[in-house]
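The chain contents come next:
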Amino acid sequence: MGRLTTHVLDTANGKPAGNVDVRLYALGGGRELLASGVTNDDGRTDAPLLDGADVRTGRYELEFDIGRYFAREGHVPSKPAFLETVVVRFGMSADEHYHVPLLVSPWSYSTYRGS
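In this text, all values refer to a predicted model and were calculated from it rather than measured experimentally.

(A) Focus on the sheet that holds strand β7 (residues 85–92). Spatial ordering of the open sheet is given by β4-β3-β6-β7, a layout of four strands whose pairing is antiparallel. Either end of the sheet is taken by a strand with one partner, and the two such strands are β4 (31–38) and β7. Geometrically, the sheet is characterised by an average inter-axis angle of 20° between neighbouring strands, direction not taken into account. Bridge count between strand β6 (residues 58–65) and β7: eight bridges; the pairing is antiparallel. For G58, the partnering residue across the bridge sits in β7 and is M92.

Written out as structure tokens, the structure is:
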């Protein structure tokens with residue numbers, strides 16, 4: 001059975017990004033909200049966003065409210081902020097574990113399929 005986890009790292013300040021709102025959507029015939037959460041002090045959600053029988057093969061989208069995080073941290077180098085909501089679209093197979101980390105600064109981000 002599959003599983004989806006995430007992790008947000010603040011690369012500008014060299015620390016996990018806590019208190020970031022995260023939403024997971026299924027993409028198919030429309031856009032369906034499946035899960036939402038907030039990252040903890042380690043930059044992770046307390047539980048997987050999807051787990052077990054809830055994981056279906058298909059296309060998904062993660063949204064991270066990064067602009068609010070950097071505003072709270074006092075690191076908004078421009079008005080308006082360059083990044084507000086970071087959206088990551090990806091495909092998943094129902095029988096695999098996917099870890100989608102987000103490495104982010106106020107000016108850039110990257111992601112990959114982690115382990």
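(B) Region of the structure containing the nonpolar core. Counting residues in each nonpolar core, the largest one holds 26 residues, and the members touching the most others are L4, L24, L62, F64, I66, F90 and L102. Going through the elements one at a time, β1 (2–10), β3 (21–27), β6, α1 (66–73), β7 and β8 (97–104) are the ones with two or more residues in this core. Once residues within four sequence positions are removed from consideration, F90 is found in contact with L4, L24, G58, R59, Y60, E61, L62 and V100.

(C) The arrangement of the environment of K79 in detail. Within the element layout of this structure, K79 appears in the loop between α1 and β7. For the pair formed by K79 and P101, sequence separation is 22 residues and the distance between their alpha carbons is 26 Å.

(D) Fine view of the pairing of β3. Sheet topology places β3 next to β4; seven bridges connect them, and they run antiparallel. The residue bridging Y25 from the neighbouring strand is L33, located in β4. Connecting the antiparallel pair β3 and β4 is a turn made up of three residues.

(E) Region of interest: the packing of aromatic side chains. Under the criterion given, the structure shown has two aromatic pairs. Taken together, a centroid distance of 6.1 Å and an interplanar angle of 25° make the contact between Y60 and F90 stacked. With Y60 in strand β6 and F90 in strand β7, this residue pair connects regions lying 30 residues apart in the sequence. Ring geometry for Y69 versus F70: centroids 4.9 Å apart, planes at 70°, classification edge-to-face. We classify F70 as buried; its relative accessible area is 3%. Sitting over the face of the ring of Y98, R113 holds its NZ or CZ atom 3.8 Å from the ring centroid.

About the criteria used
- Residues numbered from 1 in each chain as written.
- Predicted model: local features only at pLDDT ≥ 70, side-chain atom pairs only at ≥ 80, totals over all residues.
- Heavy atoms only, no water.
- Pairing = 2+ DSSP bridges.
- Helix = DSSP H or I, 4+ residues; strand = E, 2+ residues; numbered from the N terminus.
- Axes fitted to C-alpha atoms, helices over the stretch in contact; angles between N-to-C directions.
- Core = buried A, V, L, I, M, F, W, Y, C linked by side-chain atoms within 4.5 Å.
- Buried < 20%, exposed > 50% of the residue type's maximum accessible area, 1.4 Å probe, protein only.
- Contact = heavy atoms within 4.5 Å.
- Phe/Tyr/Trp six-rings, centres within 6.5 Å; stacked < 30°, edge-to-face > 60°.
- Lys NZ or Arg CZ within 6 Å of the ring centre and 35° of its normal.

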